[in-house]
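# Residue-level structural notes
Spelled out from the first residue to the last, the chains are:
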Amino acid sequence: MTESSAYTPPKIWKWEAQGGGAFTNINRPISGSTHERELPVGKHPLQLYSLATPNGVKVTVMLEELLALGFKGAEYDAYLVRIRDGEQFGSGFVDVNPNSKIPALMDHSTEIPTRVFESGAILLYLAEKFGALFPTDPGIRPECMSWLFWQMGSAPYLGGGFGHFYNYAPERWQYPIDRFTMEVKRQLDVLDRRLADNRYMCGEEYTIADIAIWPWYGALVLDRLYNAAKFVDAESYTHVLRWSKEIDRRETVRRGRMVNRAHGELHEQLRERHDAMDFDTKTQDKIEAVA
Ligand SMILES: N[C@@H](CCC(=O)N[C@@H](CS)C(=O)NCC(=O)O)C(=O)O
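Notes on the structure follow. (Residues numbered from 1 in each chain as written. Predicted model: local features only at pLDDT ≥ 70, side-chain atom pairs only at ≥ 80, totals over all residues.)

It is worth spelling out the pairing of strand β3 (residues 104-107) at this point. As paired strands, strand β1 (residues 46-50) and β3 are joined by four bridges and run antiparallel to one another. When the bridges of β3 are listed, Gln-47 appears paired with Met-106. What sits between the antiparallel neighbours β3 and strand β4 (residues 114-117) is a turn of six residues. (Pairing = 2+ DSSP bridges. Helix = DSSP H or I, 4+ residues; strand = E, 2+ residues; numbered from the N terminus.)

Before going further, it helps to examine the sheet that holds β1. As summarised here, the arrangement of the four strands in space is β2-β1-β3-β4, forming an open sheet in which the pairing is mixed. Where the open sheet ends on each side, the last strands, each with one partner, are β2 (76-80) and β4. Within this sheet the neighbouring strands show an average axis-to-axis angle of 20°, counted without direction. Sheet topology places β3 next to β4; four bridges connect them, and they run antiparallel. Following the sheet pairing, Asp-107 is matched in β4 by Thr-114. (Axes fitted to C-alpha atoms, helices over the stretch in contact; angles between N-to-C directions.)

Counting 70 residues, the largest nonpolar core has Met-62, Leu-123, Ile-208, Ala-209, Tyr-217 and Leu-220 as the members making the most contacts within it. Not counting residues within four places of it along the chain, the set of residues in contact with Ile-208 comprises Met-62, Leu-123, Leu-124, Ala-127, Leu-133, Phe-134 and Leu-148. (Core = buried A, V, L, I, M, F, W, Y, C linked by C-beta atoms within 7 Å. Buried ≥ 20, exposed ≤ 12 C-beta atoms within 10 Å, placed from the backbone. Contact = placed C-beta atoms within 7 Å.)

Running from amino to carboxyl end, helix α1 (residues 54-68) crosses helix α8 (residues 251-258) at an angle of 135°, the nearest separation of the two axes being 8 Å. On the basis of the axis angle, α1 is oblique to α8. Where α1 crosses over α8, the handedness of that crossing is right-handed. Contact with α1, carried on its side by Val-57, Thr-60, Val-61, Glu-64, Glu-65 and Ala-68, involves Thr-252, Val-253, Arg-255, Gly-256 and Arg-257 of α8 and no other residues of that element. Classifying every residue of the contact of α1 with α8 gives four nonpolar, three polar and four charged. (Parallel < 35°, antiparallel > 145°, perpendicular 65-115°, else oblique. Left-handed = near helix turned anticlockwise from the far one by under 90°. Nonpolar A, V, L, I, M, F, W, Y, C, P; charged D, E, K, R; others polar.)

Written out as structure tokens, the structure reads:
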């Protein structure tokens with residue numbers, strides 16, 4: 001960094017207009033709701049409030065996987081939460097997730113409705129509820145748990161660190177980009193070594209560890225995240241690429257990626273999902289053609 005860009009912190013940090021990054025106008029140093037707004041509730045047991053970011057996609061892929069496995073109790077209504085408009089600070093959303101971040105889930109099939117927030121907790125909750133996509137064998141389960149929590153601890157360096165400074169910050173500064181690129185490449189190498197000897201993250205079976213990791217690291221190497229595949233030399237992580245492409249071919253993943261999507265191709269956007277038929281009839285291209 002040059003001397004002119006060096007920063008001398010004041011004794012106590014104050015919340016003032018911040019420097020113009022992509023999320024400046026929704027970031028605040030306090031939690032809680034900013035406005036009253038009830039959440040809609042549909043007809044299914046599971047109510048999802050989300051957006052098709054990598055964290056959101058984990059849950060919609062999981063739900064589509066469960067439905068494909070025949071678990072009717074996994075039927076869900078998915079409502080769109082526009083985080084750039086601050087909808088995560090509505091009172092109803094904050095009641096489901098006091099941390100004001102998507103994804104958030106309400107399970108109305110329990111005697112008292114159950115709230116679950118944090119994508120990793122939601123994946124684990126659903127896996128345990130339906131007894132699927134997570135090994136029960138005590139010889140494998142701890143390893144699988146480790147990879148699930150590896151994702152929860154690692155992805156913030158990819159999203160909040162690398163993605164922020166490479167893609168969202170008002171300018172590109174070398175220091176943070178070097179620091180977080182180094183870490184992301186180290187993480188890709190961790191995955192690559194694991195996937196060199198294993199078809200999926202936990203071995204031969206596709207599990208919630210893959211469902212958690214793929215939307216971030218798969219998207220990165222498939223060049224769907226921050227336009228950065230070349231920058232991180234994604235091609236060199238051959239095992240991560242092989243695994244990413246294999247998961248990308250799943251029909252459930254194609255469906256899950258469409259739900260709560262409000263960007264990109266209109267025929268790939270199913271902004272709200274209330275029925276399996278919606279994939280055929282309610283994508284945004286069809287809605288706009290009627291309008
Ligand atoms: N650790 C959380 C992270 C969730 C998260 O960061 N969600 C982002 C979108 S990907 C969000 O809602 N951001 C809105 C905000 O920060 O105000 C999880 O895995 O669920």
